[in-house]
Amino acid sequence: MQKYYPIVPMVILIIRFMVFAMQHKRQMAEANSYTGKIPNSIKRRYKMKLNFTRRIKVTDPLFNGHFIDVKTFYVLQFDKVPCVCFIGNIDVTKAYDHIREVFNYEIVFVYQHAYFDHDEQKTFFNNTVFVLTRNRMIELAKGYVQILYTPTDYRWTNQLMEALAGFMIAETPVQTQVVGFARQPAMN
């Protein structure tokens, strides 16, 4: 047993080098497919991640309000800080159908917060979080959409925002109420 002892560190170093080479090759291929440019490989550092021991211990920032805070969830899921785009005043049922149709094969997980309406005897959703491939997330909630993505996905995000902006809800004009002795237009 003692004569094989010097071989163990050598085997570990060889395995670590092979893992580094595979990760570096994958990162270069992803960067080349996203931007068309190969990044400067000298600045990259090897970092071995041991995610099998990672546990979420503090859940307070994750569950904000009645459902998941999508920005915190993104950081926990992908271990990166996201870029965020927000689109308000959106018909979420049309946006939901569009996302399910266009990103059908890219959707990894769907998380929903739903409720049951006794009057209509149906289940409706409040929030839906789509976890997509390539470190992307989309949150649909009442009247808005949030798109979370990496800094290399600006073109993809702009195309998605233009498509979802087509589902804008027509705004109803708001009547200004005058306080005082003036008569309201509805009173005439």
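### Section: the pattern of salt bridges
Thinking step 1. Counted under the stated rule, the structure contains two salt bridges.
Thinking step 2. The salt bridge partner of Arg 136 is Glu 106, with a shortest N-O separation of 3.5 Å. Taken together, the residues span a long stretch of sequence, with Arg 136 in strand β6 (residues 136–141) and Glu 106 in the loop between α3 (92–102) and β4 (107–117) at a distance of 30 residues.
Thinking step 3. Classification of Arg 136 by relative accessible area gives buried; the value is 3%.
Thinking step 4. Using a relative accessible area of 25% as the deciding quantity, one classes Glu 106 as partly exposed.
Thinking step 5. Residues Arg 136 and Asp 153 are paired through a salt bridge, measuring 3.1 Å at the closest nitrogen-oxygen approach. Taken together, the residues Arg 136 in strand β6 and Asp 153 in the loop between β7 (144–149) and α4 (154–165) connect sequence positions 17 residues apart. The residues Arg 136 and Asp 153 share a single accessibility class, namely buried.
Thinking step 6. Three or more residues are tied together by salt bridges with common partners; here these are Glu 106, Arg 136 and Asp 153.

### Considerations on α3
Thinking step 1. All of the buried residues in α3 are Val 92, Ala 95, Tyr 96 and Ile 99. End-on, the buried residues of α3 take up no more than an arc of 105°, which puts them together on one face. Exposed side of α3, more than 90 degrees from the buried face: Asp 97 and Glu 101 are the residues found there.

### Re the layout of surface pockets
Thinking step 1. Of the pockets and cavities examined, the second largest pocket occupies roughly 340 Å³.
Thinking step 2. Only α3, β4 and β5 (122–132) provide two or more residues apiece to the lining of the second largest pocket.
Thinking step 3. Counting residues per element, the lining of the second largest pocket draws most heavily on β5, at five residues.
Thinking step 4. Class assignment for the residues of the lining of the second largest pocket results in nine nonpolar, seven polar and two charged.

### Describing the confidence of the model for the protein
Thinking step 1. A residue-level look at the protein finds 71% of positions with pLDDT of 70 or above and a mean pLDDT of 80.
Thinking step 2. The secondary structure element of the protein with the lowest average pLDDT is strand β1 (residues 63–64), at 71, and the one with the highest is β7, at 95.

### Considering the sheet that holds β7
Strand pairing in a sheet relies on backbone hydrogen bonds, with the paired strands running either antiparallel or parallel.
Thinking step 1. One open sheet holds the five strands; their spatial order is β3-β7-β6-β5-β4, and the pairing between them is antiparallel. Only two strands of the sheet have a single partner each, and these edge strands are β3 (83–88) and β4. In this sheet, adjacent strand axes meet at a mean angle of 15° when their direction is disregarded.
Thinking step 2. When β3 meets β7, the two strands line up antiparallel, connected through six bridges. Of the residues in β7, the one forming a bridge with Val 84 is Leu 148.
Thinking step 3. Strand contacts of helix α2 (residues 70–78): β3, β4, β5, β6 and β7, with the helix running at about 155° to β6, the strand carrying the most contacts.
Thinking step 4. Strands in contact with α3 are β4, β5, β6 and β7; relative to β6, the strand with the most contacts, it is inclined by about 155°.

Analysis parameters
- Residues numbered from 1 in each chain as written.
- Predicted model: local features only at pLDDT ≥ 70, side-chain atom pairs only at ≥ 80, totals over all residues.
- Heavy atoms only, no water.
- Salt bridge = Lys/Arg side-chain N within 4 Å of Asp/Glu carboxyl O.
- Helix = DSSP H or I, 4+ residues; strand = E, 2+ residues; numbered from the N terminus.
- Buried < 20%, exposed > 50% of the residue type's maximum accessible area, 1.4 Å probe, protein only.
- Arc of directions from axis to C-beta.
- 1 Å grid on protein atoms, 1.4 Å probe; cavity = no way out; pocket = protein on both sides within 12 Å on 5 of 7 lines; lining within 4 Å.
- Points joined across faces, edges and corners; volume = space filled by probe spheres on them.
- Nonpolar A, V, L, I, M, F, W, Y, C, P; charged D, E, K, R; others polar.
- pLDDT = per-residue confidence, 0-100.
- Pairing = 2+ DSSP bridges.
- Axes fitted to C-alpha atoms, helices over the stretch in contact; angles between N-to-C directions.
- Contact = heavy atoms within 4.5 Å.

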